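Structural overview for review
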Amino acid sequence: MVIRDASELEKIDLDSLSYVNAGYYGSVYKYGDKALKVFHSKDYIDMLENEHHQHFLDFLVKLEDKSPILVCPHEIFKNGEENVVGYITNFLEGVRLDSNIGYIDINIIMNILNKFYQELVKIDDLFLYDATRTNLILGSELKIIDLDLARFEKNLDVKRKNLQRLNKSIFKAIIRNSFCIYSSEIDDKSKEIVDSIIEGEDSLPNLLGEYIEYINRQYFEVKYVKDLRLPYVQKV
């Protein structure tokens, strides 16, 4: 982990960089082959400090090399008050999971999910609170970005909470925004499996395998991600 002074960040001409997107706390830019996040103002930095049991800088340092599925800062800019004003991470090539991933081959996505969950269940002390579809990037692998609101927890069933969070986020990406995950329109067997997904009773690949087998028997052979939406719409 490299800790740099905020004055070095101030020397970077943000207008010359490719803008990626902005979130509630800060803006992200393409910085060479890296991603640079710059927090909006002191007010937002203070809010992040209040979100954690520890100093935000200490939290980010503790994240380093936590898991291969997490995109963590490796350079941090701090001001004279020891507050983080920005940081640099690896830049990921891929698509956000809130994009339409419907035409991805089902075997490819299942292989990616299996590898992702093998690493996820090893995390037993970090609750991935903000692991939503917009913070999940799909390329040859699936990774989680923007970990600012993740939290190290001692008195929480972190593995179960993370299964609930990631199962729900990824399954919502699969069925798309236009369908309610709790829809009363799906048949009873589909609802039973979906309830297990939401409750984090098992990892998503295991439950999706059961879901795929059911669709294969009840409807037709699942070939693409979009085919998993069939119980919600009765057509694809």
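Here, every reference points to the structure presented above.
Residues numbered from 1 in each chain as written. Predicted model: local features only at pLDDT ≥ 70, side-chain atom pairs only at ≥ 80, totals over all residues. Heavy atoms only, no water.

**Topic: the sheet that holds strand β5 (residues 75–78)**
Reading across from one edge, β1-β5-β6-β4-β3-β2 is the order of the 6 strands in this open sheet, with mixed pairing throughout. With one partner strand each, in any of the chains shown, β1 (2–5) and β2 (18–22) form the two edges of the open sheet. With strand direction ignored, the average angle separating the axes of adjacent strands in the sheet is 25 degrees. Relative to strand β3 (residues 26–31), β2 runs antiparallel, the two being bridged by 4 bridges. Within β3, the residue paired with serine 18 across the bridge is lysine 30. (Pairing = 2+ DSSP bridges. Helix = DSSP H or I, 4+ residues; strand = E, 2+ residues; numbered from the N terminus. Axes fitted to C-alpha atoms, helices over the stretch in contact; angles between N-to-C directions.)

**A short note on the layout of surface pockets**
Where empty space is left becomes clear once a probe the size of a water molecule has been rolled over the atoms. Of the volumes computed, that of the largest pocket is approximately 690 Å³. Lining the largest pocket we find 32 residues, and of these Asn21, Val28, Asn135, Ile145 and Asp146 sit closest to its centre. Put simply, the parts of the chain that give the lining of the largest pocket at least two residues each are β2, β3, β4 (34–39) and β6 (84–90). Split by residue class, the lining of the largest pocket holds 18 nonpolar, 8 polar and 6 charged. The space that makes up the second largest pocket amounts to roughly 220 Å³. (1 Å grid on protein atoms, 1.4 Å probe; cavity = no way out; pocket = protein on both sides within 12 Å on 5 of 7 lines; lining within 4 Å. Points joined across faces, edges and corners; volume = space filled by probe spheres on them. Nonpolar A, V, L, I, M, F, W, Y, C, P; charged D, E, K, R; others polar.)

**A short note on the packing of helix α5 (residues 158–175) against helix α7 (residues 204–218)**
Running from amino to carboxyl end, α5 crosses α7 at an angle of 40 degrees, the nearest separation of the two axes being 11 Å. Here α7 runs oblique to α5, going by the angle between their axes. Judged by the twist between their axes, the crossing of α5 over α7 is right-handed. Packed against α5, whose contacting residues are Asn167, Ile170, Phe171 and Ile174, the element α7 presents Leu204, Leu207, Leu208 and Tyr211 at the interface. The residue makeup of the contact of α5 with α7, split by class, is 7 nonpolar, 1 polar and no charged. (Parallel < 35°, antiparallel > 145°, perpendicular 65-115°, else oblique. Left-handed = near helix turned anticlockwise from the far one by under 90°. Contact = heavy atoms within 4.5 Å.)

**A closer look at the environment of valine 233**
Structurally, the position occupied by valine 233 is in helix α8 (residues 230–233). Placed 48 residues apart in sequence, valine 233 and glutamate 185 show a C-alpha to C-alpha distance of 8.2 Å.

**Examining the pairing of β4**
Of all 6 residues that make up β4, 5 are buried, and the element is covered over most of its length. Pairing geometry for β3 and β4, over 6 bridges, is antiparallel. Paired with tyrosine 31 across the two strands is lysine 34, which belongs to β4. Adjacent in sequence and paired antiparallel, β3 and β4 are bridged by 2 residues, among which glycine 32 carries a positive phi angle near 65 degrees. Sheet topology places β4 next to β6; 5 bridges connect them, and they run antiparallel. Looking at the pairing, alanine 35 lines up with threonine 89 of β6. (Buried < 20%, exposed > 50% of the residue type's maximum accessible area, 1.4 Å probe, protein only.)

Everything listed is a geometric property; what it means functionally is a separate question.
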